[in-house]
Amino acid sequence: MDLTYTPEEEEFRARLRTWLAGVLPALPPKPSPHDWPARRAYDLGWQRMLYDAGYAGLHWPVDAGGRGATPTQHLIYLEETEKAGAPYVGANFVGLLHAGPTIASEGSAGQRARWLPPVLRGEEVWCQGFSEPDAGSDLASLRTRAWRDGDDYVVSGSKIWTSHAEVADWCELLVRTDPAARKHRGITWLAMPMDAPGITVRPLRTLAGSTEFAEVFLDEVRVPVANRVGAENDGWRVTMVTLSYERGTAFVGEVVACRRVLSEVAREARKNGRWDDAVLRRRLGGLNAEFRALWRLTQWNVSEAQSTGGGPGVGGSVFKLRYSHARQELFDAAAEVLGPEALDLGRDWTLDRLSSLSYTIAAGTSQIQRNIVAERILGLPKGR
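To start, this report covers the structure provided alongside it. Everything numeric here is computed off the predicted structure, so don't read it as measured data. (Residues numbered from 1 in each chain as written. Predicted model: local features only at pLDDT ≥ 70, side-chain atom pairs only at ≥ 80, totals over all residues. Heavy atoms only, no water.)

Moving on to the overall build of the protein. When its secondary structure is counted, the protein shows 11 helices and eight strands. Counting only residues that meet the buried cut, the protein has 50% of its 384 residues in that class. Counting only carbon and sulfur atoms, one obtains 52% of the accessible surface of the protein, whose full area is about 17900 Å². (Helix = DSSP H or I, 4+ residues; strand = E, 2+ residues; numbered from the N terminus. Buried < 20%, exposed > 50% of the residue type's maximum accessible area, 1.4 Å probe, protein only. Areas by Shrake-Rupley, 256 points an atom, 1.4 Å probe, with all protein chains shown as cover.)

Put into structure tokens, the structure is as follows:
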């Protein structure tokens, strides 16, 4: 693993810092977290600024509309934008971090030309239609059906925890196209237009009060066969490509954010007198070491991807597993520092603490990640 930066990479960092310092003060105020149409407009506006400046799809291949930057440059970009307080990808999350990279890797030339430029330019939003009421952790048990009718698939079923469905233009959708096949072998990956007849979206309100997820009901929705990414019934393999990005790089910027929050928690503890508690100090010191180690693990994963010329590997599961728990521990510590103020939903870190509870479930539960690590990294036999 090479943890040093080349002169070219440091030059890239300096240019990025200069650009961020110039544009961030001029951004409009952030909209209400509960106004998703306004948040969509805000997030797409920021994405367009990135595109115009040459920072959109930084690490995507050139033939997919990106800059073909190295994974290390991408890591620098994530680090510097988070440190500068730049807007998060927000409503662009699925398109930029899941569907886009999957289509870049697995899509045809026509599919890449159709779907990737609008994502990079901030013109279209994607949502993720994977989980179902009876197929969450056991994703391969999904039951949403799709049958072929001429040049279309006809889709019926339902999805849950569909990220950003209420403001999305497209959905990366998993369907069962061969109910007689073994459950991993009868799945297909489709790109479904969210304005197609037969789609009903019902937002879900989370514990933190937000509605970035929804239930989606599909009643004989017609999706063109041309919107299939990969071969029919090969969707599970394509899905593993999607999930490798979700677990491997999608949370990287959040590690930087957590290190910043940890510093803020320590300052708050010094201010309100809780710093005198030696047990608390040891706890915060342990979290500091934890997040430093997670950043090094990120660099290791990126260095490996750069040396092999591939995307994120199963090492992303190690990162996602430990990061999910470390984030929960961080905001538990923040609540300890705040004391009774931790019950105030308007206080910094309170909503973050509530949302952190989902991290050991989202993007594959911790139990699923442990199975992946055990079987694919350590070579242990499958449990029975």
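Any two side chains of opposite charge can pair, so long as their charged atoms come close to each other. Counted according to the given criterion, the structure contains 24 salt bridges. Residues aspartate 234 and arginine 237 are paired through a salt bridge, measuring 2.9 Å at the closest nitrogen-oxygen approach. Lysine 271 is the partner of glutamate 268 in a salt bridge, and the nearest nitrogen-oxygen pair spans 3.5 Å. Taken together, the residues span about one helical turn, with glutamate 268 and lysine 271 both in helix 7 (residues 252–272) at a distance of three residues. Among the residues examined, glutamate 268 registers a relative accessible area of 12% and is labelled buried. (Salt bridge = Lys/Arg side-chain N within 4 Å of Asp/Glu carboxyl O.)

Right, let's get into the packing of helix 1 (residues 7–23) against helix 2 (residues 36–53). Running from N to C, helix 1 and helix 2 cross one another at 135°; their axes reach a closest spacing of 13 Å. Our classification of the angle between helix 1 and helix 2 gives oblique. The two elements helix 1 and helix 2 meet at a crossing, and its hand is right-handed. Two secondary-structure elements touch here, helix 1 through Trp19, Leu20 and Val23 and helix 2 through Trp46, Met49, Leu50 and Ala53. Residue classes in the contact of helix 1 with helix 2 are distributed as seven nonpolar, no polar and no charged. (Axes fitted to C-alpha atoms, helices over the stretch in contact; angles between N-to-C directions. Parallel < 35°, antiparallel > 145°, perpendicular 65-115°, else oblique. Left-handed = near helix turned anticlockwise from the far one by under 90°. Contact = heavy atoms within 4.5 Å. Nonpolar A, V, L, I, M, F, W, Y, C, P; charged D, E, K, R; others polar.)

The terminal C-alpha atoms of helix 4 (residues 93–106) lie 19 Å apart, and with 14 residues this matches the ideal 20 Å at 1.5 Å per residue to within 8%. Remark: the principal bend of helix 4, roughly 40°, maps to alanine 99, with a proline, proline 101, within the next four residues. Within helix 4, 12 of the 14 residues are buried, which leaves the element mostly enclosed by the surrounding structure. Looking only at helix 4, the buried set comprises Phe93, Val94, Gly95, Leu96, Leu97, His98, Ala99, Gly100, Pro101, Thr102, Ile103 and Ala104. (Expected span 1.5 Å × (residues − 1). Bend = angle between axes of the 7 residues up to and from the residue.)

Read these as geometric descriptors, not functional statements.
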